[in-house]
Amino acid sequence: MAVEQAYAPKDFKSDLKPIWCPGCGDYGVVQAIYRALSAIGRPPHEIAFVSGIGCSSRIPGYTTAYGFNSVHGRALPIAQGLKLANPDLLVLVAGGDGDGFSIGGGHLPHAIRRNLDLTYIVMDNQVYGLTKGQLSPTSVRGRKTATSAYGSLEQPINPLLQVLSYGAGFVAQGTPADMVGLTALIEEAIRYPGFAFVNVQSPCVTYGEEHQQMRAQKAVMKSLASVGHDPADYLKALEWATHYTHDLHTGVFYRNPDPPPTYEQLVRERQAELGRNALPRERILELFVQRTEGGVLADS
Amino acid sequence: MPIRDLDLKTLSLQDALDLATLIEEEARDRYEELAEQMAVHHTPGAEQFFRKMIGVEQHHHEELARRRRLLFGGAPVRVSRTMIFDVEAPDYDQVRQGMSVREAFDAALHAETKAYNFFVQALPQIADPDVRELFEELRDEEVEHQRWVQDEIDRLPPSTAPEGDVSDEPVGH
Ligand SMILES: Cc1ncc(C[n+]2csc(CCOP(=O)(O)OP(=O)(O)O)c2C)c(N)n1
Ligand code: SF4
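Here's a quick rundown of the structure.

Thresholds applied
- Residues numbered from 1 in each chain as written.
- Chains lettered and ligands numbered in written order.
- Predicted model: local features only at pLDDT ≥ 70, side-chain atom pairs only at ≥ 80, totals over all residues.
- Heavy atoms only, no water.
- Near = heavy atom within 4 Å.
- Nonpolar A, V, L, I, M, F, W, Y, C, P; charged D, E, K, R; others polar.
- Helix = DSSP H or I, 4+ residues; strand = E, 2+ residues; numbered from the N terminus.
- Buried < 20%, exposed > 50% of the residue type's maximum accessible area, 1.4 Å probe, protein only.
- Polar contact = N/O pair within 3.5 Å; in protein donor to acceptor, adjacent residues only side chain to side chain.
- Contact = heavy atoms within 4.5 Å.
- Pairing = 2+ DSSP bridges.
- Axes fitted to C-alpha atoms, helices over the stretch in contact; angles between N-to-C directions.
- Phe/Tyr/Trp six-rings, centres within 6.5 Å; stacked < 30°, edge-to-face > 60°.

**Quick notes on the site of ligand 2**
Working step 1: The environment of ligand 2 is formed by 11 residues, the closest being C21, C24, C55, C204 and V205 of chain A.
Working step 2: Neighbouring residues of ligand 2 are not confined to one chain but are distributed across chains A and B.
Working step 3: A per-class count over the shell around ligand 2 returns eight nonpolar, three polar and no charged.

Below, the structure written as structure tokens:
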């Protein structure tokens, strides 16, 4: 039996009242985050939560961690800067599928290839919720919305395949229809030492379709563990990821069994390496003054 | 099962009482959240009902906490809210903007039924006879709660019309 945690889930809940539509999947996601953070055990002041813009991007405000509800599509670059500036912070990033894969889509491969120790949680509802229900990059072909009355002509992107092919070390998918599973995934993602991606099928009750709602999800979702998937098997992970849009598979698609060093580790090493041969600060100033005497650099 | 990191087979009476207290606390907190949601989304009938349920769950919570204090005093709690998941708390997808009072009652009935199912599923795994007795008692109480909610539903006027502002737009964005 586990002992009492240093921080209870309620310690991560802010006083701000969520204004999401009643029934929105994001309510479950934030609860899963509270529980995962409680299990991690770090105090709120050691956590920073960055998001873009969207209904889902409101999430940092509902936590007691440092929060930045930033600019549409720019959560990842801001989070990377934050992590580099203070690598001791636990940095979470969150947003919607529009925020992350549309306007912010260009940042995703670079954040992944740099491999900072970030946990990126996308609430993928296949629609732009905040702006009242336009098509998003994960909307399926034929999807009708108020602004696409005859149905989408575009093929959706597959975020799971994308992040796997960019080389993310931890890739998972969950849903608030399975709170136990979602909490475990978020906790595991946070513990993974490197870039971790969790795609959450978080239904939009207002602009989503019936088959995307939690009740429907409960009937069809299938855990990867129940089909015997080994998360260390990268090629199999790619294969399971191709099921996105057809089947709802939950669990860890891929966990790199041999995580490479993170960008911030490499930066620290580089700084230490260069620092060893660097001149003392006073000497640099002396040289600078010598070289610029008379307003001209002596050596140039 | 809506639990995690918890071995029911080795559950002691102290842990079981703490667990039951947390289950009531979780339900109370959820009704508080749902009442807030209804307040924000101009659905006063459901809001009032959820506020009433806060009191009901708080009462259950206090009863269990009192029993726990009598039996085990201030012994440190070994179970936590991270171990339980919506055991008796209504699911978030049970509510919507403009829901009728009857629908709010249905959400509560669904929650009480979930709690009943939890105790039914847990019982075969329980080894300790005192814990078994407690869980049987809690299971039977859930039947009582269901009956109470059902009676209240039966007393409601027949209309199932939604109330309040039922526009399909999220607010406050
Ligand atoms: C630069 C810029 N372009 C467009 C917008 C308008 N806008 C706000 S949120 C959003 C998309 C929201 O969808 P998503 O990111 O999927 O989040 P959701 O609301 O569904 O959670 C758009 C297009 C904006 N705020 N800023
Ligand atoms: S519009 Fe959709 S995504 Fe936004 S709060 Fe409402 S249900 Fe959630």
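From this point, the narrative continues.
**A word on the side chain of Q201 of chain A**
All names here are of chain A.
Working step 1: Within the fold, Q201 resides in the loop between strand 8 (196-200) and helix 7 (214-220).
Working step 2: By relative accessible area, Q201 is classed as buried at 10%.
Working step 3: A distance of 3.1 Å separates a polar atom in the side chain of Q201 from a polar atom in the side chain of Q173.
Working step 4: Apart from residues no more than four positions distant in its own chain, Q201 is found in contact with D124, Q126, Q173, G174, T175, P176, Q217, Y244 and L248.

**Regarding the sheet that holds strand 1 (residues 47-51) of chain A**
Residues and elements named next belong to chain A.
Working step 1: If you walk across this open sheet you meet the eight strands as 2-1-3-4-8-7-10-9, and the pairing is mixed. Strands with a single pairing partner mark the edges of an open sheet, and in this sheet they are strand 2 (66-69) and strand 9 (222-223).
Working step 2: Pairing of strand 3 (residues 90-96) with strand 4 (residues 118-123) involves six bridges; the strand directions are parallel. Counted as the bridge partner of G96 is M123 from strand 4.
Working step 3: Of the strands in this sheet, strand 3, strand 4, strand 7 (170-174), strand 8 and strand 10 (249-255) are in contact with helix 6 (residues 179-191), which crosses strand 7 at around 165 degrees.

**Considerations on the packing of aromatic side chains**
Working step 1: Following the criterion strictly, the structure yields 15 aromatic pairs over all chains and no others.
Working step 2: Consider the rings of Y234 of chain A and Y254 of chain A, whose centres lie 5.1 Å apart with planes at 70 degrees: the pair is edge-to-face. Linking Y234 of chain A in helix 8 (residues 234-241) with Y254 of chain A in strand 10, this pair joins segments that are 20 residues apart in sequence.
Working step 3: Taking the centre distance of 4.0 Å and the plane angle of 35 degrees together, the rings of F49 of chain B and F105 of chain B count as tilted. On the criterion of sequence distance, the pair formed by F49 of chain B in helix 2 (residues 44-72) and F105 of chain B in helix 3 (residues 101-122) is long-range, its members being 56 residues apart.

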